[in-house]
Amino acid sequence: MSKYTSRMRGRLVALTAALAVAGGVLAAGPASAATPAGETASRTATQQALDGLVAAGMPGVGAEIRTSASSWFGKSGYADTYTKQRRTTADHFRAGSITKTFVATTLLQLESEGRLRLDDSVERWLPGVVQGNGYDGNKISVRQLLNHTSGIHDMVSTEEWDTAMNGSGFYRHRYDVMTPQDIVAIGLSQKPDFEPGKGWSYSNTGFVLAGMVIEKVTGNSYASEIDRRIVKPLGLTETRFPGTDPALPGTHPVGYSKLFFSTPVKEIYDATYYRPSWSGATGEIVSTSGDLNRFYAALMQGRVLPAAQLNEMLTTVPTGQHFGYGLGIMSRALSCGTTVWGHDGVVWGSLSGAATTRDGNTALAFNINGDWLQQSAPFENVFEGAFCGTTAPTAARALLGPVNR
């Protein structure tokens, strides 16, 4: 913590001042007279939603809407409250659990090639890894890892994780190097949440295991397979899987965090740098709004998966939440009747969302460089603005999880 202390103190003072005038920071200029009315409404409502996030206490946010004919970028607040740097389209950010869609897509590609089946047991590919303490990998399928019906306990929701990586533990352990086996062991130290297939519970542990399956099937790391199969073919030149590298490439915002202390705190810390091996296949990815929009649009348009595998991905299970869940992908039914597909991501200092229409013709990706938003209404309003052209009131509800959503 020492090398960042003075900078953090200055930024904390600047952040407090910035939030006091949050509503005064706007991003995009007026829409062109040639912009279709529907897009004008979308951009206006999205900008209002971005301003609403900053008014709700977030330091800054940037969002890009991409359609088949145009793109638009809106911003509010600051990427760095100390220097007053604004958010830009060039910003690289930690996109957290948006990683899950890339992991699931890779496994579905492997299925299309006949190299595995989604209904294969975890035991078949990872013998002995998920055994004991109430677990039997013979009864858990790869599919159940991907749609969170495995019953495997989420390692994030354990005392061990909380002690190591939340609160003051973050600064003691953020540069530790963790293996997938280390992370899985944390989750498996707790008994199953339910019998496989008998419920739904978000499990980051399950996606760490999914990354291990990719490695066992291919002989390569999940990151190298995603890079070869998705990142390079789609030209996602700003997307990275940094592994143990704590740095962020190029232009990036400061990742402001309250470190998920077990009791509320007023202090805001700089959590920009840490080793993402703590997240691994459940939340490692670093990307930009433009790259994420290109990925989700291509996915929905059938340019990444064959139709049979895409249909499997989009087959959702009930979650008891405000979204459905397929294989590494979320569905949101919006107030205007549109359903969009994508994922959210929360890691230290970063809160992201990405979604696209089923035809892939309209895509949204946005990032908030703060992680303590407690209610989802301001967050959901960004989707409502982009796809419905309104900031329709949404019922207040807690965000899904503290880290790696």
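Throughout, a residue's number is its position along its own chain's written sequence, starting from 1. Local features are withheld for residues below a pLDDT of 70 in this predicted model, meaning they are given only at 70 or higher, and side-chain atom pairs are given and counted only at 80 or more; totals for whole chains, interfaces and linings count all residues. Excluded from the side-chain calculations are hydrogens and water; all other atoms, namely the structure's heavy atoms, are used.

Draft legend 1. Expanded view of the overall build of the protein. Helix and strand counts for the protein stand at 13 helices and 13 strands. Should any heavy atoms of two residues lie within 4.5 Å, those residues are considered in contact. Put simply, 71% of the contacts in the protein that link residues at least 6 apart link residues at least 24 apart. Note on areas: Shrake-Rupley, 1.4 Å probe, and residue coverage restricted to the protein chains presented here. When the accessible surface of the protein is summed, it comes to about 14,900 Å², and 52% of that surface belongs to carbon and sulfur atoms. Only runs of H or I of at least four residues qualify as helices and only runs of E of at least two qualify as strands under DSSP, and these elements are numbered from the N terminus.

Draft legend 2. Fine view of the sheet that holds strand S2 (residues 71–77). Whether two strands pair comes down to DSSP finding at least two bridges between them. Taken in spatial order, the seven strands of this open sheet run S2-S1-S13-S12-S11-S10-S9, and their pairing is antiparallel. Every interior strand has two partners, whereas the edge strands, S2 and strand S9 (324–325), have only one. Across eight bridges, strand S11 (residues 339–347) lies against strand S12 (residues 350–357) in antiparallel orientation. Its bridge partner being in S12, Val347 is matched across the sheet by Ser350.

Draft legend 3. Region of the structure containing the nonpolar core. Among the buried residues, those of types Ala, Val, Leu, Ile, Met, Phe, Trp, Tyr and Cys that are joined through side-chain atoms within 4.5 Å form a nonpolar core. Three exposure classes are used, based on accessible area relative to the maximum for each residue type with a 1.4 Å probe and protein chains only: buried under 20%, partly exposed in between, and exposed over 50%. Counting residues in hydrophobic clusters, the biggest one holds 107 residues, and the most contacted among them are Leu107, Leu299 and Trp348. Top contributing element to this core by residue count: helix H9 (residues 204–218), with eight residues.

Draft legend 4. Layout of the state of the cysteines. The term disulfide is used for any two cysteine sulfur atoms that are within 2.5 Å. With the rule as written, the count across this model stands at one disulfide. Covalent S-S linkage joins Cys336 and Cys388, the inter-sulfur distance amounting to 2.0 Å. Its S-S torsion of about -65° marks the bond between Cys336 and Cys388 as left-handed, since a negative value means left-handed. With a gap of 52 residues between them, Cys336 in the loop between strand S10 (330–333) and S11 and Cys388 in helix H13 (residues 377–388) connect regions that are remote in the sequence. Cys336 sits in the partly exposed class, given a relative accessible area of 41%.

Draft legend 5. Expanded view of the packing of aromatic side chains. In summary, the pairing rule links any two rings of Phe, Tyr or Trp, Trp by its six-membered ring, whose centres are within 6.5 Å, and it sorts them by plane angle into stacked for under 30 degrees, edge-to-face for over 60 and tilted for everything else. The final tally for this structure, using the stated rule, is 19 aromatic pairs. Here Tyr171 and Tyr269 contribute two aromatic rings whose centre-to-centre distance is 6.2 Å and whose plane-to-plane angle is 55°, an arrangement assigned as tilted. Of this pair, Tyr171 sits in helix H7 (residues 169–173) while Tyr269 is found in strand S7 (residues 269–270), placing the two residues 98 residues apart along the sequence. Each of the two residues, Tyr171 as well as Tyr269, counts as buried. Linked through ring pairs, Trp161, Phe170, Tyr171, Phe261, Tyr269, Tyr274, Trp278 and Trp348 together constitute an aromatic cluster.

Draft legend 6. Representation of the packing of helix H3 (residues 99–112) against helix H10 (residues 222–231) in the model. Contact pair H3 / H10: the axes reach a minimum separation of 10 Å and the direction vectors enclose 75°. In terms of their interaxial angle, H3 and H10 are classed as roughly perpendicular. Facing Phe102, Val103, Thr105, Thr106, Gln109 and Leu110 of H3, the residues of H10 in contact are Tyr222, Glu225, Ile226, Arg229 and Ile230. The classification used treats Ala, Val, Leu, Ile, Met, Phe, Trp, Tyr, Cys and Pro as nonpolar, Asp, Glu, Lys and Arg as charged, and all other residues, Gly among them, as polar. Considered class by class, the residues forming the contact of H3 with H10 number six nonpolar, three polar and two charged. Convention adopted: a line fitted to C-alpha atoms gives each axis, helices being fitted over their contacting stretch, and angles between N-to-C directions are expressed from 0 to 180 degrees. Roughly parallel refers to an angle under 35 degrees, roughly antiparallel to one over 145, roughly perpendicular to one between 65 and 115, and oblique to any angle outside these ranges.

Draft legend 7. The side chain of Asn204, seen in detail. Of note, Asn204 is situated in helix H9. On the basis of relative accessible area, Asn204 is assigned to the buried category, the value being 0%.

Draft legend 8. Main features of unusual backbone geometry. Of note in this structure, Lys84 is not a glycine but carries a positive phi near 65°. Within the secondary structure, Lys84 sits in the loop between S2 and strand S3 (93–94). Looking at Lys84, the relative accessible area reads 40%, which means it is partly exposed. Phi is positive for Leu259, close to 60°, though the residue is something other than glycine. Residue position: Leu259 is located in the loop between strand S6 (256–257) and S7.

Draft legend 9. View of the packing of H3 against helix H11 (residues 289–300). Interhelical geometry of H3 versus H11 gives an angle of 40° and a closest axis separation of 12 Å. The handedness of the crossing between H3 and H11 comes out as left-handed. Counting all contacts with H3, which are made through Thr101, Phe102 and Thr105, the residues of H11 involved are Leu292, Phe295, Tyr296 and Leu299. Of the residues belonging to the contact of H3 with H11, the class tally is five nonpolar, two polar and no charged. For any pair of crossing helices, the crossing counts as left-handed if the nearer helix is rotated counterclockwise from the farther one by less than a right angle, and right-handed if it is rotated clockwise.

Draft legend 10. Representation of the confidence of the model for the protein within the structure. Looking at any residue, its pLDDT shows the predictor's confidence there, from 0 to 100. On average, residues of the protein score 90 in pLDDT, and 87% of them are at 70 or above. Note that pLDDT drops below 50 for residues 395–405; the model gives that stretch 53 contacts with residues more than four away or on any other chain.

Draft legend 11. The pattern of salt bridges, seen in detail. The term salt bridge refers to a side-chain nitrogen of Lys or Arg lying within 4 Å of a carboxyl oxygen of Asp or Glu. Throughout the structure, instances matching the rule amount to 14 salt bridges. Of the charged contacts, one joins Glu39 and Arg43 as a salt bridge, the two residues approaching to 3.2 Å between their closest N and O atoms. Separated by four residues within a single helix, Glu39 and Arg43 lie in helix H2 (residues 37–55), roughly one turn from each other. When the shortest N-O distance is used, the salt bridge between Asp344 and Arg332 registers 2.7 Å. Of the two residues, Asp344 sits in strand S11 while Arg332 sits in strand S10, which places them twelve residues apart along the sequence. For Arg332, a relative accessible area of 4% gives the class buried. When salt bridges that share partners are traced, they join Glu113, Arg115, Glu225, Arg228 and Arg229 into one network.

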